[in-house]
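Okay, here's what each chain looks like letter by letter:
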Amino acid sequence: MHSSMRRVALVTGATSGIGREVALALARAGDRVIFIGRDGARARELLDALNALQPDAGHGYLLADLSLLGEVASVCEAVALDTPRLDALVCCAGRLSLQAEWTSEGLERSFVLNVLSRFMLARRLLPALCRSPSGRVVLVGDAGRHADTLDFNDLQHRRGAPGLDVWRRTQFANDLLAAKLAMRWRYTRVEVTAAYPGLARTAFLRNARGLPRPLHAVATLLHAACARSARAAADTLVYLARHPQAIGVSGRFFGPRRLEIAVPPAVRR
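All of the points below concern the structure found in this document.

Some words on the pattern of salt bridges
Link 1 in the chain: The full count for this structure, using the stated rule, is 12 salt bridges.
Link 2 in the chain: The partner of Asp-31 in a salt bridge is Arg-7, with the nearest N and O atoms 3.1 Å apart. Of the two residues, Asp-31 sits in the loop between helix H1 (17–28) and strand S2 (32–37) while Arg-7 sits in the segment before strand S1 (8–12), which places them 24 residues apart along the sequence. Of the two residues examined, Asp-31 and Arg-7, each falls in the buried class.
Link 3 in the chain: Overlapping salt bridges, with partners in common, bring together Arg-7, Asp-31 and Arg-242 in one network.

Structure (structure tokens):
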């Protein structure tokens, strides 16, 4: 049985990169961590690392493809059955793609993973978040760095061209989601923030879809030269997920080193 006094955090995209560092940092701080990933071997390795930090916490993982809403729904049910209270939901899972792809559910993969899966997780886990003395939802992305390129008549980008707008529209939509949830839940104890962790030495750019080969090579070199460690990049996310000072900040955007980012007027509108 898990202690009812121990904080519980759910982290998506935790089997590598920044998400992994977020999960480890939360465990170091004493949280029970449940995480979601697609790679079973990496998930088991991370679980071993979490258990080494907090052997009695009851950490666990769920294997799921969060670009499929059917699997997201199953994750929500499993988490709700596992824990009545959820103190933090940190959404790190995301993808950078310059070409649209459609899932077996008929939805554009990047839009589901970067936006719709987050909405479903937050909405369905709201009762558990409300049972926390200070529930936190942290939506990780580019936080205020992209203009509005959403076409509400073509959210699945069936008519859209390949290019950066495949990515940009999901980032603007993630900003809108953070602002909207914060407004909807302003009379609850749940706080929603958007966070840009900055460039980090992860496989994020290396795994990007649709980048021309020369641009991919240049971006990878610049990324390696300029980026901070994934552990350093995770700091803002961990701060927003559990720090006592990160209260009363719902609807606000944050960047590296915990610095606040102005919410763009287009998002406020």
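Here we look at the nonpolar core
Link 1 in the chain: Residues Leu-10, Leu-86, Leu-89, Val-137, Trp-185 and Val-192 are the most contacted members of the largest nonpolar core, which totals 46 residues.
Link 2 in the chain: When near neighbours in sequence (up to four residues on either side) are disregarded, Leu-10 contacts Ile-34, Phe-35, Ile-36, Val-79, Leu-86, Ala-88, Leu-89, Val-90 and Leu-125.
Link 3 in the chain: Counting residues in hydrophobic clusters, the runner-up holds 34 residues, among them Ala-9, Val-90, Val-138 and Leu-237.

What to know about the sheet that holds strand S6 (residues 191–195)
Link 1 in the chain: The eight strands are arranged S3-S2-S1-S4-S5-S6-S7-S8 in an open sheet whose pairing can be described as mixed. The open sheet has two edge strands with one neighbour each: strand S3 (60–63) and strand S8 (260–261).
Link 2 in the chain: Running at roughly 170° to S3, helix H2 (residues 40–53) makes contact with S2 and S3 of the sheet.

Procedures and definitions
- Residues numbered from 1 in each chain as written.
- Predicted model: local features only at pLDDT ≥ 70, side-chain atom pairs only at ≥ 80, totals over all residues.
- Heavy atoms only, no water.
- Salt bridge = Lys/Arg side-chain N within 4 Å of Asp/Glu carboxyl O.
- Helix = DSSP H or I, 4+ residues; strand = E, 2+ residues; numbered from the N terminus.
- Buried < 20%, exposed > 50% of the residue type's maximum accessible area, 1.4 Å probe, protein only.
- Core = buried A, V, L, I, M, F, W, Y, C linked by side-chain atoms within 4.5 Å.
- Contact = heavy atoms within 4.5 Å.
- Pairing = 2+ DSSP bridges.
- Axes fitted to C-alpha atoms, helices over the stretch in contact; angles between N-to-C directions.

Read these as spatial facts, not as claims about activity.
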